[in-house]
Structures are given as structure tokens and as C-alpha cells.
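# Coordinate analysis (summary)
Chain residues, written in single-letter form:
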Amino acid sequence: AALAQSIAATARSTRSCLLIAAAALCFSTLPAAVSFADPVSSLSDVADDPANAFVSHEERLSKPEAVFSRSPLARLREAKAEFDKALYDAARVRLTFAYTQLVQGIASAPDLDDTIGTASDFDAFISWDVLNPGAPNAGKFLLHFEGRYDWGTTSPQALGFEAGSLVNPANAFARYDPVFLPIRNFFWEQGSPAAGWGYRVGYISPDAIYFTSPHLNPNTTFQTIAGTGNFASGVPDSGFGIAGSYWINDDVRIVAGVHDANADRQDWGDIGEGDFFYAAEIGARLFPRTADGGLSKFTLWNSDGTSDGSASNASTGLSGWGYYVQHDQELTDDGNIVALLKYGKSFDDSGTYDQQAGVSLLFYDQTDFIGVKNDVIGISYNWIEPTSLIPGAREEHNIEVFARVPLFPAVDLTLGYQTIINPSVDPDNDVAHVFGLRLRTTF
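First, a word on scope: everything that follows refers to the structure included in this document. Since the structure is predicted, the reported quantities are computational estimates derived from the model, not experimental observations.

### Describing the overall build of the protein
When helices and strands are counted, the protein shows five helices and 16 strands. In terms of overall dimensions, the protein is globule-like: its C-alpha atoms have a radius of gyration of 21 Å, near the 22 Å expected for 443 residues. Projected onto the principal axes, the alpha-carbon positions of the protein cover approximately 65 × 65 × 45 Å. In the protein, buried positions account for 53% of the 443 residues. Long-range contacts, defined here as pairs at least 24 residues apart, represent 67% of the contacts in the protein between residues at least 6 apart. Accessible surface, the protein: about 18,600 Å² in total, of which carbon and sulfur atoms supply 64%.

Structure representation (C-alpha cells):
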């Protein structure tokens, strides 16, 4: 009976999405040619969020300066550019892709069968611009597929957990089974910061909306789970939900939403159970040095927990609430040196971490004098106090340093090093060292 109900709910959801898409097609007209200009999301400042991926990827491709000036992917990129224009002119549809490969090794961690792990993260994004393309009040459907593969080895994320680390040195690099998710995100979004409002409804990832910074991304900057996300929260996985934003002025934004607390990126979740995650966040540019200064944020959240008490993303499955504070500060007039401070707290054992805190410093475009752009150097410190649901888990500290440089045009190479101090669930080990190499490209 439960399976039948789940199938029926999935069918109803899929049918609704198709009806909405059909209605939008009937009421839209396709111009002969439309500019690729596109407003960024009013709700998310994550570069790889489906609503931002097209702008961020095009911006990356616009900076060809690199150590080696000729890319081995040059012909592929040229062919795709021609295909993109023809597809958009014909149907107002765009495609963009990102591929990231990470190799990490752990030293000074006893009793590990494997000490080296590698995994890939592949993302495909599809945008169907339905209403007012390029305008502040543009509306579109966005579809995101994701695949993760470990190439037959231990994945870096699994290797980190085997070493007893809950900070974990490799966010996002763990094998999926099956390798490709049928849908990671599928939603309608309308609005932009220029419009002063926006909303998103459908199958969405709430941790791409709340607790975020454009400077924290496991594919382009820091790697740890603690450093790139807020696991001192009950934020669920990708699932059905709705969120909206309102810009009080150019520097102050409010975001709020309701999401399925039973969400699971590998199925449709169970929104019919009536368990929800609620969040409200205010963001402000407090002391900006440039127009692109990031938002400092204060977030309140509450989770009903999951119906069967199972974990979902950062949620332990228990009901509870918490808060998150983040300050994003440019330190120079060109905005190329940025500091971030963050702290999160969960109550009632509702988050994977009871508390977490971090400080990060990033230096952008420091090698311009040798003709290379889009490089970044980063250093961060993170501390966590795990939930009491993990017996014997202790406070853990992490120091991470990385340097990213464009090896070829739009092909970035990152070298990283981490020190894990007191791995939370390995009382026999006081320190572990992590070395990493990451390759990233978009097309």
C-alpha cells in the first residue's frame, strides 16, 4: 500500500510538472534570436546553483588567461558554442556542464585499508527561458542532473569518514548508486535582484539557498563539509519545496521557505507525511568595498524531523531548531581579498553538528603580474562539536590551505593540504594529514 501511494504521488507530481510546462509553452512565443544575457538568482549566491550556473560558467569561459594558452578542449568548446546559439535561437533552451575530479591521500591515519581516493562530480544544467528572457522579471524552468563516480576506488569523502573525521576533507566527492541521479533539481524560478524579488518552487536543494557564500564551494575553493556548508542545522536533502526572496534595497535581502523534511535526492522524498523544514534568512552587505560584496547573513530554522527518524543531509532525523551567523567581508578596495566568519548552532540533537565555527581568508587574482587570471589562494580554520547522538565523538579541528590556478583556459588545477586535529570518531588518532589535487572545467 505504501509503495502504491508513493507511485501515485510521484505520478501526480510528474503530471503536474508536465501540465505546467505545456501551459508555459502554449503562452510563450519563441523569437528568432535572443541574447544569452541572464539575471542571476534572487535566492542563491552559489555559483553552481542551477539558476546561476549559466552566468558563472560563461564568466569563467570569458577569462582565457592560463599557464598554457591553448586548451585541449578548444575545438569542443567552439562546437558547443555554435550548438548553444542554434539551440537557443530555435527553442530558448540552454545547456551547460561542469566536471570536477578530485584525488586525495590521507597520511598518519592508522588502520586504513586505503589511503588514496579519487572521485568525479559531473553536473548538467538545462534552462528553458519561458517568460521575458534577460529581463529582471524573467521566468524559467531549470533542470539539474548530477553524477558522482569513484572509479573503483574508495571515494575521498568515504576515506575521510574512515579516518574518523566528521569535518570531512572532501565534501561532494562520494559515489552515487546509481551513478547518475535522475533529477537533482527541477524547479520554476522567476525574479532577480534587479527586480527586487524572486521565488522558486519545485524539487530544490535548500542548502543552495540558505547558509551559503559565493566564496565557499567544494568544486572551486575549500573542500571540507564543515568549511563549505552548515551541518549544525537540520537542513534536509534535495526535495519538494518553495522559497521566496524580497530585496529591501540593493544591499539587504530577506529569504524564507518551506521544504520537505523527508527529502532524499535519490527518490522523491515523502512530502505527504507533513514533516517540514522552515527557514528565514536576512542578508546584508554590511561594509562593502565593491558593488559585488557578499551578503552577511543571519538564519533561523526549524525542522519537524523525518517521519521514520532517519537522517537527511544535515538533519539527524530529530525535530529541533537552530541559527546560523555569517559575516562576509572584503578587505581591499578591489575586492580581491575576502574574509569570512561563520558560526552555527543546533538544538535538540537535530543537526549533525551541535556547533560549528570557521574563519576563512581568500586571495583572488594574485598572479596577474605573470598574465594569469582567475586564480585564488585560500586558508581556513574550522571547528565542530558533534551531536551527542554519536557516542564518544569529540570536538574536531581542521586547517586547510589551497591554491587554484588556471592550467588551461577554463581548466583549473587546485593543490590542497589539510590538517585534521582530533578526528571526532577515532580516539586513537590525534592528527591526520590530507593532500589533494583537483581538476575542474566547465563547458
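Okay, back to it.
### Quick look at the side chain of Asp-45
Looking at where Asp-45 falls in the secondary structure, it is placed in the loop between helix H1 (2-26) and helix H2 (53-61). In terms of polar contacts, Asp-45 uses its side chain to reach the side chain of Thr-212, at 2.6 Å. One polar contact links Asp-45 to Lys-297, side chain to side chain, over a distance of 2.9 Å. Residue contacts for Asp-45: discarding those within four places in its chain leaves Asn-52, Thr-212, Ser-213, Pro-214 and Lys-297.

### A word on H2
The periodicity of an α-helix, 3.6 residues per turn, causes residues three or four places apart in sequence to face the same way. Every buried residue of H2 is listed here: Ala-53, Phe-54, Ser-56, His-57 and Arg-60. Among the structural elements, strand E1 (93-107), strand E2 (116-131), strand E3 (139-149), strand E14 (396-408), strand E15 (411-421) and strand E16 (431-442) are those in contact with the buried residues of H2.

### Observations regarding the nonpolar core
Formed by 27 residues in total, the largest nonpolar core has its most connected members in Ile-209, Tyr-210, Phe-211, Phe-277, Tyr-353 and Ile-384. Elements supplying a minimum of two residues to this core: H2, helix H5 (225-228) and strand E8 (276-284). Residues in contact with Tyr-210, not counting those within four places in the same chain, are Ala-243, Val-255, Ala-256, Gly-257, His-259, Phe-277, Ala-279, Glu-281 and Thr-299. Listed in part, the eight residues of the second largest apolar core include Phe-222, Val-338, Tyr-364 and Phe-402.

### Brief notes about a negative patch on the surface
A cluster of acidic residues, Asp-267, Asp-270, Glu-273 and Asp-308, forms a negative patch at the surface. Note on Glu-273: relative accessible area 44%, which makes it partly exposed.

### Describing a nonpolar patch on the surface
Together, Trp-197, Tyr-246, Ile-248, Ile-254, Ile-282, Phe-298, Leu-300, Trp-321 and Val-325 give the surface a local cluster of nonpolar side chains, amounting to about 800 Å² of exposed area. Sorting the residues of the nonpolar patch by element identifies strand E6 (239-249), strand E9 (296-303) and strand E10 (320-330) as the ones contributing at least two each. Note that Ile-248 resides in strand E6.

### Some details on the pattern of salt bridges
This model, assessed by the stated rule, comprises 19 salt bridges. With a closest N to O distance of 2.9 Å, Arg-200 and Asp-49 form a salt bridge. Of this pair, Arg-200 sits in strand E5 (residues 197-204) while Asp-49 sits in the loop between H1 and H2, and the two are 151 residues apart along the sequence. Under the relative-accessibility criterion, Arg-200 is labelled buried at 0%. Across the pair Glu-281 and Lys-297 runs a salt bridge whose closest N-O atoms are separated by 4.0 Å. On the criterion of sequence distance, the pair formed by Glu-281 in strand E8 and Lys-297 in strand E9 is long-range, its members being 16 residues apart. Grouping residues by exposure puts Glu-281 and Lys-297 together as buried.

### Considering the pairing of E2
Of all 16 residues in E2, 12 are buried, a share of seventy percent or more. Two strands pair when backbone bridges link them, and E1 and E2 are joined in this way by 13 bridges, in the antiparallel orientation. Residue pairing in the sheet places Phe-97 in a bridge with Ala-124 of E2. The pairing of E2 with E3 spans 11 bridges and is classified as antiparallel. Bridge pairing links Phe-125 to His-144 in E3.

### Digging into the packing of aromatic side chains
Applying the stated criterion across every chain yields a total of 22 aromatic pairs. Relative to Tyr-324, the ring of Phe-211 lies with its centre 5.4 Å away and its plane at 80°, an arrangement referred to as edge-to-face. Of the two residues, Phe-211 is situated in the loop between E5 and H5 and Tyr-324 in strand E10; the sequence distance between them amounts to 113 residues. For the pair formed by Phe-211 and Tyr-324, the shared burial category is buried. Centre to centre, the rings of Trp-321 and Phe-347 are 4.3 Å apart; their planes meet at 15°, and the pair counts as stacked. With a gap of 26 residues between them, Trp-321 in strand E10 and Phe-347 in the loop between strand E11 (337-346) and strand E12 (353-364) connect regions that are remote in the sequence. These aromatic residues form a ring-pair network of at least three members: Tyr-210, Phe-211, Phe-277, Trp-301 and Tyr-324. The ring centre of Phe-54 lies 5.0 Å from the NZ or CZ of Arg-94, which sits over that ring. Lying over the aromatic face of Phe-347, Lys-345 brings its terminal NZ or CZ to 5.1 Å of the ring centre.

What counts, and at which threshold
- Residues numbered from 1 in each chain as written.
- Predicted model: local features only at pLDDT ≥ 70, side-chain atom pairs only at ≥ 80, totals over all residues.
- Heavy atoms only, no water.
- Helix = DSSP H or I, 4+ residues; strand = E, 2+ residues; numbered from the N terminus.
- Rg over C-alpha atoms; globule rule 2.2 N^0.38 Å.
- Buried < 20%, exposed > 50% of the residue type's maximum accessible area, 1.4 Å probe, protein only.
- Contact = heavy atoms within 4.5 Å.
- Areas by Shrake-Rupley, 256 points an atom, 1.4 Å probe, with all protein chains shown as cover.
- Polar contact = N/O pair within 3.5 Å; in protein donor to acceptor, adjacent residues only side chain to side chain.
- Core = buried A, V, L, I, M, F, W, Y, C linked by side-chain atoms within 4.5 Å.
- Patch = residues over 30% accessible without salt bridge, like charges linked within 9 Å, V, L, I, M, F, W, Y side chains within 5 Å.
- Salt bridge = Lys/Arg side-chain N within 4 Å of Asp/Glu carboxyl O.
- Lys, Arg positive; Asp, Glu negative; His and termini not counted.
- Charge placed at Lys NZ, Arg CZ, Asp CG, Glu CD.
- Pairing = 2+ DSSP bridges.
- Phe/Tyr/Trp six-rings, centres within 6.5 Å; stacked < 30°, edge-to-face > 60°.
- Lys NZ or Arg CZ within 6 Å of the ring centre and 35° of its normal.

Structural measurements only, silent on function.
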